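Secondary and tertiary structure notes
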Amino acid sequence: MAVQDPSTKITLQVDKRTHHDLRTPLNQIIGYSEMLAEEANSINQGNLIPDLQKINQAAHKMLQLVEDLFFTENADSPQPSTFTKHEGALAVSQEPDSAKSVQTGKILVVDDNELNRDMLSRRLQRQGHQTELAENGRQALEMLREKQFDLVLLDIMMPEMDGYAVLARMKGEASLRNIPIIMISAITEMDSVVKCIEMGAEDYLPKPFNPTLLRARVSASLEKKRFREQEQSYREQALRDQATMERHRSLAQMVAGVAHEINTPLGIACTAASIIDKRLSSSQTAEFFKRNNNDKELLADILEASALLKNNVVRAHKLVESFKKISVSQITETKESIGISTLITDILDLFKLNAREASLDIEIDTSNISGTKEWHGYAGYFTQVILNLLQNIERYAYERGRGGKVYIAVSDNSEQKFIITVRDCGKGINSENIGKVFDPFFTTGRDKGGSGLGLAIVHNIVTTALQGSIEVSSEINKGTMFRITIPKIIR
């Protein structure tokens, strides 16, 4: 042992472990006396506080003597007392009113001393946290790998594996490195604080710790963790949205390519059908077939077949043109100005065959639009949204083959936005599922071929490409309504 300053007083240099062991029981006396004083105050036993104050002051005095008699190399001055007098009585720490609303979490307390673990755990539980205890570094790592924790309070001075080693191991494992860590130790050396922070610790608290400071730093660490997780969630959602849009564009590009290839032979067939119909309808053809009644009936049959051929080829050509137009608008993401009523009517033309097959009776109401009916945006994306909602109704709202009513209404508001509602009168959605309908891969119709992506895609398109919002409401056996709000002009 070495003499620090022989000209003033004798102080002895000791190693960190000894210094830690000398301070630990005194810190425990200080901590427990503080908690007992708070407990006494809460049960109206204030007569006990003066005696607890004497115990606390004696412990602080003894702690000061330890600091005066013993030192470690590069030690800072001892921490100021956290236990103060107020008009001759013990100033009892009280939980502030805001403590009820602070961030709480599940905390792992790691300390080799049983009394330290108990005292700290009780402090944290009084502040509303859940706690679990580990008596050494190895046990702490095992618990962290098996369970989820929001925060670790980690002692530095421990046998076998000290706090530095645990901190390094946690930061080296991908599954543990994002758990915030507050180092707690009786060591008052600044180099220990700096080392912990440089290694990735969130914060550092000396023992004996101030209860108010403990509450503030724990809450701050949990709040920062929540913000980090929220930010990560936003980034992941943005990536998912981007991936969905990329898949959507790739599909649109494929549809556009297929539509282009089909469109060429259909165009030729359409021209040929028109020529055949025109020739069969000529006076020369009629003259040729008027010799007897059988020939007249034959001509009538040919004319009817020709008309059917022409009409259906023309219809197929028109549908492919529509698909091509929609796909191209989605690929290039070009905005266009179009009447909202005209756009919805065009969409229903695309859905006409499905509606007939499913016996759906679709009504449109645009009478509640008070301002302009012109919409400037991505017609392809809007079409995808409405078609997906109609296909959802076709698949889930009514019993197969029975069909029912579908109402599409458009109105506007003073904020220059269109409100589009798509409503059915079918089965409805259970209350436990209503909050999940926009979640990717959630579906109750897997047996009907549902993938759980349709409404997730609708939500992504509405909230990103169309810069709007979508809500859903439903009642069992009364139907479901989707409400879409989008600006009249997409910027």
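That block above? That's the structure.
Bear in mind the structure is a predicted one, so any value in this text is a computation, not a measurement. Residue indices follow the written sequence of each chain, beginning from 1 at its first position. Owing to the predicted nature of the model, reporting of local features is limited to residues with pLDDT of at least 70; listing and counting of side-chain atom pairs is limited to 80 or more, with chain, interface and lining totals taken over all residues. Derived side-chain values reflect all non-hydrogen atoms in the structure, with water molecules and hydrogen atoms excluded from consideration.

1. Observations concerning the packing of aromatic side chains
We apply this condition: Two rings belonging to Phe, Tyr or Trp (six-membered ring only in the last case) form a pair when the distance between their centres is within 6.5 Å. Interplanar angles under 30 degrees mark stacking, angles over 60 mark edge-to-face geometry, and anything in between is tilted. Classification of residues uses two cut-offs on accessible area relative to the type maximum, computed with a 1.4 Å probe and protein chains only: under 20% is buried, over 50% is exposed, and between them is partly exposed. Going along the chain from the N terminus, every DSSP run of H or I of four or more residues is numbered as a helix, and every run of E of two or more is numbered as a strand. Either the NZ atom of lysine or the CZ atom of arginine qualifies as a charge over a ring when it sits within 6 Å of the ring centre and within 35 degrees of the ring normal.
Enumeration according to the criterion identifies three aromatic pairs in this entry. Taking 5.6 Å as the distance between ring centres and 75° as the angle between the ring planes, the aromatic pair formed by tyrosine 378 and tyrosine 381 counts as edge-to-face. Exposure class is identical for tyrosine 378 and tyrosine 381. Each is buried. Between phenylalanine 438 and phenylalanine 482, the aromatic rings sit 6.3 Å apart at their centres with planes inclined by 65°, giving edge-to-face as the arrangement. You can see phenylalanine 438 sitting in the loop between α12 (431–434) and α13 (454–463) and its partner phenylalanine 482 sitting in strand β17 (residues 479–487), a full 44 residues away along the chain. As far as burial versus exposure is concerned, phenylalanine 438 and phenylalanine 482 are alike and both buried. Sitting over the ring of phenylalanine 149, lysine 106 keeps its end group 5.1 Å from the ring centre.

2. Some words on the nonpolar core
As a reminder, the rule being used: By nonpolar core is meant a set of buried Ala, Val, Leu, Ile, Met, Phe, Trp, Tyr and Cys residues that side-chain atoms within 4.5 Å join together. By definition, residues are in contact when any of their heavy atoms lie within 4.5 Å.
Membership of the largest hydrophobic core comes to 46 residues, with the highest contact counts inside it found for Trp375, Phe382 and Ile420. Residue assignment for this core shows that the elements contributing at least two residues are α10 (340–357), β12 (360–368), α11 (379–397), β14 (404–412), β15 (417–424), α13, β16 (469–475) and β17. Counting residues per element, this core draws most heavily on α11, which supplies 10 residues. Setting aside chain neighbours within four positions, we find phenylalanine 382 in contact with Ile340, Leu343, Ile344, Ile347, Trp375, Ile420, Leu466 and Ile486.

3. As for the sheet that holds β15
As a reminder, the rule being used: If DSSP finds at least two bridges between two strands, the strands pair. For helices, the fitted line uses only the C-alpha atoms of the stretch in contact; every axis is such a line through C-alpha atoms, and the angle between N-to-C directions lies from 0 to 180 degrees.
The sheet built from five strands is open, its strands ordered β12-β14-β15-β17-β16 with mixed pairing. With partners counted over all chains shown, the strands left at the sheet margins are β12 and β16, one partner each. On average, adjacent strands in this sheet sit at an angle of 15° to one another, irrespective of strand direction. Of the pairings in the sheet, the one linking β15 to β17 comprises seven bridges and is antiparallel in character. Of the residues in β17, the one forming a bridge with threonine 421 is arginine 483. Contacting β16 and β17, α13 crosses the sheet at an angle of about 140° to β16.

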